[in-house]
Every structure is written in structure tokens, then in C-alpha cells.
Amino acid sequence: MVDIATRVYNHKWKIDPIVRSLIDTDFYKLLMCQSVFRNKPDTEVAFSLINRTTRIPLANLIDEGELREQLDHIRSLRLSRGESTWLRGNTFYGKRQMFRPDFMEWFENLRLPAYHLERRGDQYELTFEGSWPEVMLWEIPALAVLMELRSRAVLDGMGRFELQVLYARAMTRVWEKIERLRNVEPLGIADFGTRRRHSFLWQDWCVQAMMEGLGKKFTGTSNCLIAMRREVEAIGTNAHELPMVYAALAKDDAALARAPYDVLSDWHEEHDGNLRIILPDTYGTRGFLDRAPDWLAGWTGIRIDSGDPAAAARIAIDWWRKRGEDPRKKRVIFSDGLDVAKIIELSREFAGETNASFGWGTLLTNDFRGLVPDDALAPFSLVCKAVAANGRPTVKLSDNPEKAMGPPDEIERYKRVFGVGEQERLEVVV
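The structure presented is a predicted model; accordingly, all values stated were derived computationally and were not measured.

Asker: For this particular structure, what's the right way to read helix H5 (residues 81-89)?
Answerer: Count 3.6 residues to each turn of an α-helix, and residues three or four apart come out pointing the same way. Of the positions making up H5, those classed as buried are Glu83, Ser84, Trp86 and Leu87. Around the axis of H5, the buried residues are gathered within 160° of arc, so they sit on the same side. Exposed residues lying more than 90 degrees from the buried face of H5 are Arg81 and Thr85. On its buried face, H5 sits against helix H2 (27-39), strand S2 (91-92), helix H6 (101-108) and helix H11 (224-230).

Asker: Any chance you could explain the packing of aromatic side chains here in plain terms?
Answerer: By convention here, two paired aromatic rings are described through the distance between centres and the angle between planes. The final tally for this structure, using the stated rule, is 26 aromatic pairs. When the ring of phenylalanine 128 is compared with that of tryptophan 138, the centres are 4.7 Å apart and the planes differ by 20°; the resulting orientation is stacked. Of this pair, phenylalanine 128 sits in strand S5 (residues 123-131) while tryptophan 138 sits in the loop between helix H7 (132-135) and helix H8 (139-155), placing them ten residues apart in sequence. Side by side, phenylalanine 128 and tryptophan 138 carry an identical accessibility label, which is buried. Aromatic ring contacts, followed pair by pair, group Phe27, Phe37, Trp86, Phe92, Tyr93, Phe99, Phe103, Trp106 and Phe107 into a single cluster. A cation sits over an aromatic face here: lysine 40 above tyrosine 246, 4.8 Å from the ring centre.

Asker: How should I be thinking about the pattern of salt bridges in this particular structure?
Answerer: Between side chains of opposite charge, pairing is possible as soon as their charged atoms come close. Inspection of the entire model under this criterion finds 31 salt bridges. Close ionic contact of aspartate 102 with arginine 100 constitutes a salt bridge, the shortest N to O distance being 2.8 Å. Since its relative accessible area comes to 36%, aspartate 102 is described here as partly exposed. What makes arginine 100 partly exposed here is its relative accessible area of 30%. Between aspartate 253 and arginine 413 there is a salt bridge, with the nearest N and O atoms lying 2.9 Å from each other. With aspartate 253 in helix H13 (residues 253-270) and arginine 413 in helix H18 (residues 408-418), the pair connects residues that are 160 residues apart, well separated along the chain. The class for aspartate 253 is partly exposed, based on a relative accessible area of 28%.

Asker: What is the right way to look at the pairing of strand S12 (residues 382-389) in this model?
Answerer: On any regular strand, side chains alternate: one points to one face of the sheet, the next to the other face. For S12, the tally of buried residues reaches seven of eight residues, placing the bulk of the element in the interior. Note: strand S1 (residues 44-51) against S12, seven bridges, orientation antiparallel. Across the sheet, the residue bridging to isoleucine 50 is valine 383, located in S12. Sheet topology places S12 next to strand S13 (residues 392-393); two bridges connect them, and they run antiparallel.

Asker: Would you explain the pairing of S5 in this entry?
Answerer: The buried count for S5 comes to seven of nine residues, which makes it a mostly enclosed element. Direction of pairing for S1 relative to S5: antiparallel, over a ladder of five bridges. In the sheet register, phenylalanine 47 faces S5, and the bridge partner there is phenylalanine 128. As judged from the six bridges shared by strand S4 (residues 115-120) and S5, these two strands associate in the antiparallel manner. Paired with arginine 119 across the two strands is tyrosine 124, which belongs to S5. The hairpin formed by S4 and S5 contains two residues between the paired strands, and glycine 121 there has a positive phi angle of roughly 65°.

Asker: Help me understand the nonpolar core, please; the structure alone is not making it clear to me.
Answerer: Nonpolar side chains in soluble globular proteins generally cluster together in the buried interior. By size, the foremost hydrophobic cluster in this structure holds 149 residues, and its most contacted members are Leu87, Phe99, Phe107, Tyr167, Leu181, Phe334 and Trp360. Ignoring anything within four residues of it in the chain, the contact list for tryptophan 360 reads Lys177, Leu181, Ile189, Ala190, Asp191, Phe192, Gly193, Met210, Leu338, Asp339, Val340 and Ile343.

Asker: How do you make sense of the environment of alanine 209 when you look at a structure like this?
Answerer: Structurally, alanine 209 is set in helix H10 (residues 200-214). Remark: the alpha-carbon pair of alanine 209 and arginine 197, spanning twelve residues in sequence, is separated by 15 Å. Those residues within four positions of alanine 209 in sequence are excluded, and the remaining contacts are Trp175 and Ile178.

Conventions used here
Residues numbered from 1 in each chain as written. Predicted model: local features only at pLDDT ≥ 70, side-chain atom pairs only at ≥ 80, totals over all residues. Heavy atoms only, no water. Buried < 20%, exposed > 50% of the residue type's maximum accessible area, 1.4 Å probe, protein only. Helix = DSSP H or I, 4+ residues; strand = E, 2+ residues; numbered from the N terminus. Arc of directions from axis to C-beta. Contact = heavy atoms within 4.5 Å. Phe/Tyr/Trp six-rings, centres within 6.5 Å; stacked < 30°, edge-to-face > 60°. Lys NZ or Arg CZ within 6 Å of the ring centre and 35° of its normal. Salt bridge = Lys/Arg side-chain N within 4 Å of Asp/Glu carboxyl O. Pairing = 2+ DSSP bridges. Core = buried A, V, L, I, M, F, W, Y, C linked by side-chain atoms within 4.5 Å.

Set out below in C-alpha cells:
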């Protein structure tokens, strides 16, 4: 097992880059990329880094030159032969050759497009522009770089023994969480922590701890590189990015109202089984389900990613029942701001009603809260989102208005089109 503290003490980016592979990314990004490659390859998009936790002055913590070196290194990456073989030949979600030959040929020759980096006060403005299939693959590595450079900046002044003690405490915290989950029945839980991880080495350690500590209750990881190396399932379906861009491309209000369902219609043609998971909250869960075509009720499940998770699950269960479906045969995936107490609470509440499973993110792979002075390693909310498509702004409403994004006039238009009324504001838990 890697001695993480020693590696951190000896960090030199040229021999220990933050992102070491194009598949050091979430599995759903590759699934979505193939869908975009097939259905919307000529769409031009812009992605932008957004630090929701403005009290973290990233530009003061992270050296611009080092950030550029890490980003430039990512642009030098190509798929290795072994990575390509794994993607082409492995079985994902029970299906061989999940990735089509034309997509794989494109991916094997991909070089990520240029980036634009500029300092604005104590924050960085980091943007990516170009064709959607290429630009979308910047999201996860860009977040991973910023998150880990912040971690390295905080750890830089610590001595060897201080680092050993820090990581021993953090490991103990993770293991104690795992021990609390061991007795939860039933339980299916996956690592969803790539985008806001403390570091690659730490995420890899957390996955190994989950494998040993939870056995079959641990269902896999969203991180493709770790899934390949540790021989566990790669987990993930789709994300808000798809409906956000489809909606931005809509030419009028009627097309806008159809856009979230057009996304899933394209997805329906490509995937079946456990990949047919609805993410309904982009423009409000209740309205999305009320207007949903009947064929969507036949999908395998729903992912809950904002708002009150129990309330959203109740809405989904009621919807299935009204559409003649048995919720006990469906899957509800909770993935927003989870930690052990909430996982246990939700598992108990919905036992026997539906198949609850969990995508455990930041508070698995980046819970260093209270372990250094001034809580300087506490996780924070950093996102990299599509902000425009073919020159039109994107909008996200969410079930929590604290997560909404887009120009104010467009947000109001989307609320009108999708019938979104007053929403409860909830603290964004990373």
C-alpha cells in the first residue's frame, strides 16, 4: 500500500502529476460523451469553473504557474493501449462493447482542447470552449487539479511526522465510517468522490478501504482509472449537463419544455437496465415527473441529487405508483451531500419500499474537517459547468435554489416554462 504521507512530503508534480490518465474521470462522463458524440457532435459549448465557496481564495492559495503546468500536462495525455483495451473489451453494467468502435477511435486520438486561465481578484477564471464532446472531458480533471493543488498548498508547510499523524487520523475517520455502515441492511454504496477528492492517492485508498471493509455492499467507483486498477465496477449513468445543453439549444418555449425528455429519449435508444436512471431535478423534480411520458416510468430508477432527499424519494415513489409501477422493483440512488448518518437514516426509512442505493462523494474522499488549524482542509463547493451552448446561456434550476445557475432573466423564463414555484433554500453540502 502507498505511503501517502511520504508521497505528499516528496511531491514534485513532474513525477507525481495530479491527473495521470484521460480515464482518471467519472464513468458517466464517458457514457455521456459517447451519447453527445453520436447525437450532438457539432454543438459548440463553453464550460467554466465556479467556486461556490467564495471564502476560499483559490488564486491566493494556488500558484498560477503550477496550475498551468498541471493543465498543460493533462493536454499531453492520450489513452494507453491498456486503457483502450479495457474500455473496448470490458463488461460494464452487464454489457460488452459498451463503447462503440467509432467513438473509441475518436477517443484514442483525442487531445483535450486549449483552456483559458485568468486571475480575477482572489479567484481564478478557468474556461474551456470548443466542440461539446471534447470540452466536456475537461470538467472532472479540471476540478481534480484545483482541489488537489489546494490540498497541496495547505500541506506544503507540514513536516514528515505531522503528515503521518494527519493521514493516520483521516484514515481512522474513514474506517470508523465504514464500520458504522457494516451493519446496515440492505446496503449498496459506491464511491462518487472523484470531482472533489482530497487527492488521487487518497481516493484510491478510500476505495481500497471500502472494498475490504464493506465487501459486496461496496458496488464500485465512479472513477474509471481506479475501477480498472482495482478490478471493481465502474459506476455512473448521466448528469445535469445533458439536459442543460439540450435546453439551451431549444429554439422556443415549446422546444424548451420537451428538451429534458429529448435527452432521455436519445439515452433510451443506447442503454437499458441499470443505465436507465432518471435524473429529474435539473428543472424541478415534481414538474419533471408530472409531465413525463409514460415510457419513462418503465425505467429502472431515479437519482436524487438536490433538495430534501427523503421528500424527493417520496415524490418518485408516488409517481411510480400512479403510473402502475411497483416501487419495490425500482432503484432510488441518493447522491447529494451524503455522510454516514444520512446514509443510515435513508436506508432505514426506505427499506422495503424501494431499492435505495448511495453514491458517496466528497465526505468519503475529502473529509479532513477539523484536522488542521483554521480547518484549512475542509472540503468546499467547486464546480465546472456548461455555461453556454451555440452561444446561448445554459440554466440549471435544481430542487435547491442555492444550486441554481444561469442569467437571472433566463432563470425566470425556465421557472415559467417548467412551472417551478417557491423552493426551499437548503445549505449546499459538498
